[in-house]
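Coordinate inspection notes
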Amino acid sequence: MPPIDKEAAPLESQYLGQWYLADSPGEAFISLGKEAMVLYQWTETGCFQADPYTYLQSYGDGFNARHIDGSDTTYSALELIDENTLEITQEGETLQFWKDEQFYMDTEGCDNKTITVQLELAEIPRQLKINRAATDDHYVELRMGLELDINHDGMASVGDLDMLIQHVKRPDNAEAFIDYEDLAAHVWHIGFSLFRDGDEPVKVITRSRFEGSIELTGNTLTLTFNQQHHPLLSWLDEQTPIRASTMLYYPEPQTESVWNGAIDGPWNWSSDLHHDNLPDEGYQAIDYLRTQRDPEGDQEGESRWVDILAVDVRLD
Ligand SMILES: [Ca+2]
Ligand SMILES: [Ca+2]
């Protein structure tokens, strides 16, 4: 239990982010969020185990948490020694952590099953135009895949993963046409990070170094990953809430002839943003045995390139 005079309050922003154990930085680190946290620990078998927790209650500078397996922790008290040093005290025992500004996930998970995500869309163009002049730098141009509520708290929080293809407009990169297979598929995890000194930490997604594979058959996009790609994937099971999502940001649509033969393309569009979700709101449990279907034409914006028709997820 927390000290008796503690009032419930969100965790203060200076605690948010990733911290590694000062004594043995390669062996353990934690990712602290507003609603949830993850403890990563190196195992003797040469991989990382991730333990996701959600806060039962937070108190500004401490929390009680519940592990995804249902077990509760005792009260954890947080104290900043200086801006890069954090002490966490649990049941009279204090551990010291150092701030990790990189927040890049370079760790291998311990399990080895294959995860296949099949996304059937109303139409997938043979080519996609990227780094468009009309798009502002650093904006996401395309994003498609699966969002996983790994920690079961019904929201995107620290401890969750996305399995995505994504393309971001890079400064100074020339416009180009690419195939979907030339995009990269990654597992992304949610955390808090500082963009600049003095800023408040903001919620970001960061990709694992591992790359999944992309396959295109007709209008079905298949992304294949392995549990080794991220330690949190060990918690994926048939109870995990998921949401398929697609997004295309395409301001000032042009009418080039490169899409000859296509049914849909930029010449049909007037919106900048096109997206679709399955389910429309929140998440639904994975059903490995059944295709989950979504209505045709229910996307926001006009583009059929984002219109989800069906999603299949498999774990073998
Ligand atoms: Ca969540
Ligand atoms: Ca749809």
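Residues numbered from 1 in each chain as written. Chains lettered and ligands numbered in written order. Predicted model: local features only at pLDDT ≥ 70, side-chain atom pairs only at ≥ 80, totals over all residues.

The protein is annotated in an unreviewed UniProt entry as Lipocalin-like domain-containing protein from Ferrimonas pelagia.

Focus on the environment of Ile-30
Here Ile-30 is to be found in strand 2 (residues 28–32). For Ile-30, a count of 23 C-beta atoms within 10 Å translates into the label buried. Taking the C-alpha atoms as reference, Ile-30 lies 31 Å from Asp-287; in sequence the two are 257 residues apart. Excluding residues that lie within four positions of it along the chain, Ile-30 makes contacts with Trp-19, Met-37, Val-38, Leu-39 and Phe-97. (Helix = DSSP H or I, 4+ residues; strand = E, 2+ residues; numbered from the N terminus. Buried ≥ 20, exposed ≤ 12 C-beta atoms within 10 Å, placed from the backbone. Contact = placed C-beta atoms within 7 Å.)

Digging into the domain arrangement of the protein
The domains assigned to the protein are domain 1 (13–100) and domain 2 (114–315). Placing the centre of domain 1 and that of domain 2 at their C-alpha centroids yields a distance of 30 Å. Elements with a contribution of two residues or more to the side of domain 1 that touches domain 2: strand 1 (17–21), strand 3 (36–42) and strand 4 (48–58). With five residues, strand 4 is the largest single contributor of residues to the side of domain 1 that touches domain 2. Looking at the side of domain 1 that touches domain 2 residue by residue, the classes come out as nine nonpolar, seven polar and one charged. (Domains from an automatic or database assignment. Nonpolar A, V, L, I, M, F, W, Y, C, P; charged D, E, K, R; others polar.)

A look at the sheet that holds strand 1
Pairing is antiparallel in the closed barrel, where eight strands are placed in the order 1-2-3-4-5-6-7-8. Geometrically, the sheet is characterised by an average inter-axis angle of 35° between neighbouring strands, direction not taken into account. Examined bridge by bridge, strand 1 and strand 8 (residues 93–100) share four bridges and lie antiparallel to one another. By the bridge assignment for strand 8, Tyr-20 is matched with Trp-98. (Pairing = 2+ DSSP bridges. Axes fitted to C-alpha atoms, helices over the stretch in contact; angles between N-to-C directions.)

Some points on the pairing of strand 11 (residues 140–148)
Taking burial as the measure, the nine residues of strand 11 include eight buried ones, the bulk of the element. Across eight bridges, the pairing between strand 11 and strand 12 (residues 161–168) is antiparallel. Its bridge partner being in strand 12, Leu-148 is matched across the sheet by Leu-161. Pairing analysis gives seven bridges linking strand 11 to strand 18 (residues 241–249), with the strands arranged antiparallel. When the sheet's bridge partners are listed, Leu-142 is paired in strand 18 with Leu-248.

Re the confidence of the model for the protein
With 96% of its residues at a pLDDT of 70 or more, the protein shows a mean pLDDT of 92. Model confidence for the protein, summarised as mean pLDDT per element, is weakest for strand 15 (residues 202–207) at 84 and strongest for strand 19 (residues 273–278) at 98. (pLDDT = per-residue confidence, 0-100.)

Considerations on the environment of Tyr-15
Structurally, Tyr-15 is set in the segment before strand 1. For the pair Tyr-15 and Asp-61, spaced 46 residues apart in sequence, the C-alpha separation works out to 7.9 Å. When residues no more than four places from it in sequence are discounted, the contact partners of Tyr-15 are Leu-32, Leu-78 and Leu-86.

Focus on unusual backbone geometry
Residue Pro-279 is reached from Leu-278 by a cis peptide bond, and omega for that bond is 0°. Structurally, the position occupied by Pro-279 is in the loop between strand 19 and strand 20 (284–285). In this structure, Glu-91 is a non-glycine residue whose phi angle is positive, near 50°. Residue placement: Glu-91 occurs in the loop between strand 7 (85–90) and strand 8.

Remarks on the pairing of strand 8
Here strand 7 runs beside strand 8; their pairing, made up of six bridges, is antiparallel. Bridging from a neighbouring strand, Ile-88 pairs with Leu-95 of strand 8.

Overview of the sheet that holds strand 17 (residues 220–226)
With antiparallel pairing, the five strands of this open sheet are ordered in space as 16-17-9-22-21. The sheet is open, and its two borders are formed by strand 16 (213–217) and strand 21 (292–293), each paired with just one other strand. Summarising the sheet, strand 9 (residues 114–121) and strand 17 pair through seven bridges and their orientation is antiparallel. Bridging across to strand 17, Thr-116 finds its partner in Thr-224.

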